Amino acid sequence: MDYNWNWSVLLEEQYLDWLISGFGWTIAVALSAWCIAIVIGALVGVGRTVPNRLISTLCTAYVELFRNIPLLVQMFIWYFAVPEMVPEDMGRWMKRDMPNPEFVTAVVALGLYTASRIAEQVRAGIETVPPGLSAAGKAHGLSLSQIYRYILLPISFRLIVPPLTSEFLTVFKNSSLALTIGLLELTAQSQQIAEYTFQGFEAFTAATVIYVCIALLATVIMILLEKYTRIPGYVGKEG
Amino acid sequence: MADFDFNVVWSSLPFLWEGLQLSLWLTFLSIIGGIVLGTLLALARLSGIAPLALLAATYVNLLRSVPLILVIFWFFFLVPLVIGRPIGSFYSALIAFVMFEAAYYSEIMRAGIQSVRKGQVHAGQSTGLGYWQIQRYIVLPQAFRNMIPILVTQGIILFQDTSLVFVVSLRDFMTASSIVARTEGRLVEMYLFAAVVYFIICFSGSMLVRSLKNRMAT
Amino acid sequence: MIDIHNISKWYGEFRVLTDCTTKVSKGEVVVVCGPSGSGKSTLIKCVNGLEPIQQGQIHVDGAEVTAKGADLTALRSRIGMVFQHFELYPHMSVLENLCLAQEKVLKRSRTEAEERARALLARVGMSEHSTKYPSQLSGGQQQRIAIARSLAMDPIAMLFDEPTSALDPEMIKEVLDVMVELAQEGMTMMVVTHEMGFARKVADRVIFMDVGAIVEDRPTADFFDNPESERAKDFLSKILNH
């Protein structure tokens, strides 16, 4: 292997700035998309389990549609196709006047995509709650929304915290797809540094280390959340 | 609404078909390579040999913390450097996918191996079978069988992931669609068509998974 | 044949076996009984090294099982073991279950292995089931096949770990019949079981264990007619009266 090491390139002001700004965009895209995903994912996930044919079919269709098309294609459709398909005025606004179009598009695409994955976790969580519990709720005269509010959701929320952790990590990783529509997030910046300096090893190592730190931090947060919300004897080894 | 012309899809079908073949071929080879390497990683983690287990765990957790695109960039940079000459973007991509997906397959296979009861290992041991014989004839076949639906699901995800070779301009189905979209100026038609094709393939795949699960449950 | 000398075993801080010593001579049938959690299953799994021990020695046919670097696979191939949950390989047919170790360990040819397998299936009354898979058979049938699988290795001794406790009552007898026959033919056997009828009928000695220690180790008739310890009396009264 013939390679000139030069780690100091990472500390040169210009490249350091690129890394920091890339890191910032990665965090911004991931967290914004996560907020959308949690809300829509929870709604759609619950929607799949309600005893209403129309709602559950629509929610199932949502999940199947968003899960079975690669995120990259979805990203391109939101960015290139949607402005052409909406009413002309709105399309013009999206193309010309919408602030930060790459960022907004990336957040919407990633958020709606991740929502379909979260919806699956939510549905699975609700379906693992023993049916006897909601029957008990019914027997006590609780309404459907009360059964969801007081029985199904609190229990299943705790059940889905571990799978949600991995979704939370995935949203950071998937935010890298924003580079395909021109958003210079962390991966794009490291690639750009590699191209400018020919120090690919250093540039990619820097990005890798940052992603690993994000993953560690996110895991710690979720472990704390899991501990905080655990029902004794219900999930995990403790209890 | 602009007027759309889906004839562009029809006229570029041969070109797109070549791209799709590359996508499918890359998926197939990556699944095989990923499962083989992933199984070895899983065995290493469960081997009880501390340094080996730690090494495998570090590899898996590292690869699972970084985005696939970054891994693709890494290997497009590293592979020519390590081998000493460029080996073509298809093989660079293949290596990147195998190394990346192996981390995910190893988690699946680890769960699969752990789903085989310890008594099965004891039964093998009590007839004098050695470690590798027990893995080869008793544990792995059962682990594999128990995990088939999840392995297929991961295969579908992998197929979707192959679209990311777009970032290194390897001419898969996604890149091919994108090339047509730009040269013909038909972005909407081409990306919608790409979405439909991916959807049909992946949705059929998930239907297959569902029927596999049902068959296994009975 | 089997010589267990002063063995102790811990799971972390928890001591599961305490200074156990006993012997099983060639041709002898020894039943190990005791309340659940008494360590009897652990003891029998130590004999072929499935469970490691921290103290003491076990010799089988002159070879030390517990020695560092002992050739456990060679040793295990000569001791048969039958498990509580049968542990037939679910992905293999009955015949393949019987042939696997014969071919891979004893290096028998396929024809040789099949011939031996068929003879043993006939012996346990399972000839017509050779092409079936374990999940298609009842528990009693599976256990008889598991016994045949062990016998296919031509073992010098057989270990039974609660072979009937996972079975429905109506299937226990068919398995015990096979075991009785085996005992009467002179097989060296160590059997962990609660089947006191079986013990009375064929056991030369009974070992009674409690909280990880061997409390009684006496000829069968002695054990049943006048157990020495309170714990054994208590155990017998519970198990015989139900």
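Here the structure is a predicted model, which is why all the values come from computation and not from measurement.

Enquirer: What should I look at first to understand the packing of helix 3 (residues 94–104) of chain C against helix 4 (residues 110–123) of chain C in this one?
Expert: The axes of two packed helices give the description: the angle between them and the distance between them. All names here are of chain C. Where helix 3 contacts helix 4, the two axes come as close as 9 Å, and the packing angle between them is 125 degrees. As judged from the angle between their axes, helix 3 and helix 4 are oblique. The chirality of how helix 3 crosses helix 4 is right-handed. Facing Val94, Leu95, Glu96, Leu98, Cys99, Gln102 and Glu103 of helix 3, the residues of helix 4 in contact are Arg110, Glu112, Ala113, Glu114, Arg116, Ala117, Arg118 and Leu121. Class assignment of the residues belonging to the contact of helix 3 with helix 4 gives a composition of seven nonpolar, one polar and seven charged.

Enquirer: Looking at this structure, how should I read the environment of Leu121 of chain C?
Expert: Residues and elements named next belong to chain C. Its location among the elements puts Leu121 in helix 4. What makes Leu121 buried here is its relative accessible area of 1%. Separated by 27 residues in sequence, Leu121 and Val94 place their C-alpha atoms 9.2 Å apart. For Leu121, the residues in contact, after removing those within four places along its chain, are Val94, Leu95, Leu98, Met126, Ser127, Ser130 and Ile145.

Enquirer: Any chance you could explain the interface of chain C and chain B here in plain terms?
Expert: Many authors give the size of an interface as the accessible area that is lost as the parts come together. With 23 residues of chain C at the contact, the number on the chain B side is 18 residues. A per-residue breakdown of the area chain C buries against chain B is headed by Glu87, Tyr89 and His91 of chain C, which together make up 31% of the total. The tally of links from chain C across to chain B stands at one salt bridge. We note a salt bridge from Glu87 of chain C to Arg117 of chain B, for which the minimum N-O separation is 2.8 Å. Of all the secondary structure elements, the ones that give two or more residues to the side of chain C that touches chain B are helix 2 (72–76), strand 6 (79–82) and helix 3 of chain C. Top contributing element to the side of chain C that touches chain B by residue count: helix 3 of chain C, with three residues. When the residues that make up the side of chain C that touches chain B are grouped by side-chain class, the tally is 12 nonpolar, five polar and six charged.

Enquirer: For this particular structure, what's the right way to read the nonpolar core?
Expert: Nonpolar side chains in soluble globular proteins tend to be buried together. Counting 178 residues, the largest nonpolar core has Ile2, Ile7 and Met190 of chain C as its most contacted members. Of the residues forming this core, the biggest block, 14 residues, is contributed by helix 5 (residues 89–115) of chain B. In this structure, Ile7 of chain C is in contact with Leu17, Thr18, Asp19, Cys20, Leu43, Cys46, Ile53, Gln55, Gly56, Gln57 and Ile58 of chain C, ignoring residues within four places of it in sequence. Ranked by size, the runner-up nonpolar core spans 51 residues in total, among them Leu88, Leu98, Ala152 and Val178 of chain C.

Enquirer: Quick question: what am I supposed to make of the confidence of the model for chain C here?
Expert: For any part of a model where pLDDT is low, the fine detail of the predicted coordinates should not be relied upon. Residues and elements named next belong to chain C. Confidence in the prediction of chain C, expressed as mean pLDDT, is 92, and 99% of residues score 70 or more. Within chain C, strand 8 (residues 189–192) carries the highest mean pLDDT (96), whereas helix 2 carries the lowest (86). Scored by ipTM, the complex comes to 0.91, with pTM at 0.86.

Enquirer: Would you take a moment to explain the packing of aromatic side chains for this structure?
Expert: Applying the stated criterion across every chain yields a total of 29 aromatic pairs over all chains. Ring centres of Trp5 of chain A and Trp7 of chain A lie 6.1 Å apart, and the angle between their planes is 15 degrees; this geometry places the pair in the stacked category. Residue classification places Trp5 of chain A among the partly exposed positions, given a relative accessible area of 45%. Through a chain of ring-to-ring contacts, three or more aromatic side chains come together here, namely Trp5, Trp7, Phe201 and Phe204 of chain A together with Phe73, Trp74 and Phe77 of chain B.

Rules used throughout
Here the residue numbers are simple positions, counted from 1 along each chain's written sequence. Chain A is the first chain written and ligand 1 is the first ligand written, with later ones labelled in order. Note on the predicted model: pLDDT of at least 70 is required for a residue's local features to be given, and 80 or more for side-chain atom pairs to be given and counted; whole-chain, interface and lining totals, by contrast, use all residues. Hydrogens are left out, water is left out, and the side-chain values use all remaining heavy atoms of the structure. Only the contacting stretch of a helix is used when fitting its axis, a line to C-alpha atoms as for every element, and angles between N-to-C directions run 0 to 180 degrees. Under the DSSP-based scheme used, a helix requires at least four consecutive residues in state H or I and a strand at least two consecutive residues in state E, with every element numbered from the N terminus. Each angle is binned into one of four classes, with values under 35 degrees roughly parallel, values over 145 roughly antiparallel, values of 65 to 115 roughly perpendicular, and all other values oblique. Crossings are assigned a handedness: left-handed for a near helix turned anticlockwise from the far helix by less than a right angle, right-handed for a clockwise turn. For this analysis, residues touch if any pair of their heavy atoms sits within 4.5 Å. We call Asp, Glu, Lys and Arg charged. Ala, Val, Leu, Ile, Met, Phe, Trp, Tyr, Cys and Pro are nonpolar, and the rest, Gly among them, are polar. Each residue is assigned to one of three classes by its accessible area relative to the maximum for its type, calculated with a 1.4 Å probe on protein chains only: buried under 20%, partly exposed between the two thresholds, exposed over 50%. A simple way to read buried area is as the amount of 1.4 Å-probe accessible surface that goes missing from two parts once joined, with both sides added. In the sections that follow, a salt bridge refers to a side-chain nitrogen of Lys or Arg positioned within 4 Å of a carboxyl oxygen of Asp or Glu. Residues belong to one nonpolar core when they are buried, are Ala, Val, Leu, Ile, Met, Phe, Trp, Tyr or Cys, and are joined through side-chain atoms within 4.5 Å. On a scale of 0 to 100, pLDDT captures the predictor's confidence in every residue. Only rings of Phe, Tyr and Trp enter the pairing, Trp through its six-membered ring, and a pair is recorded when the two centres are within 6.5 Å. The plane angle decides the type: under 30 degrees is stacked, over 60 is edge-to-face, the rest tilted.

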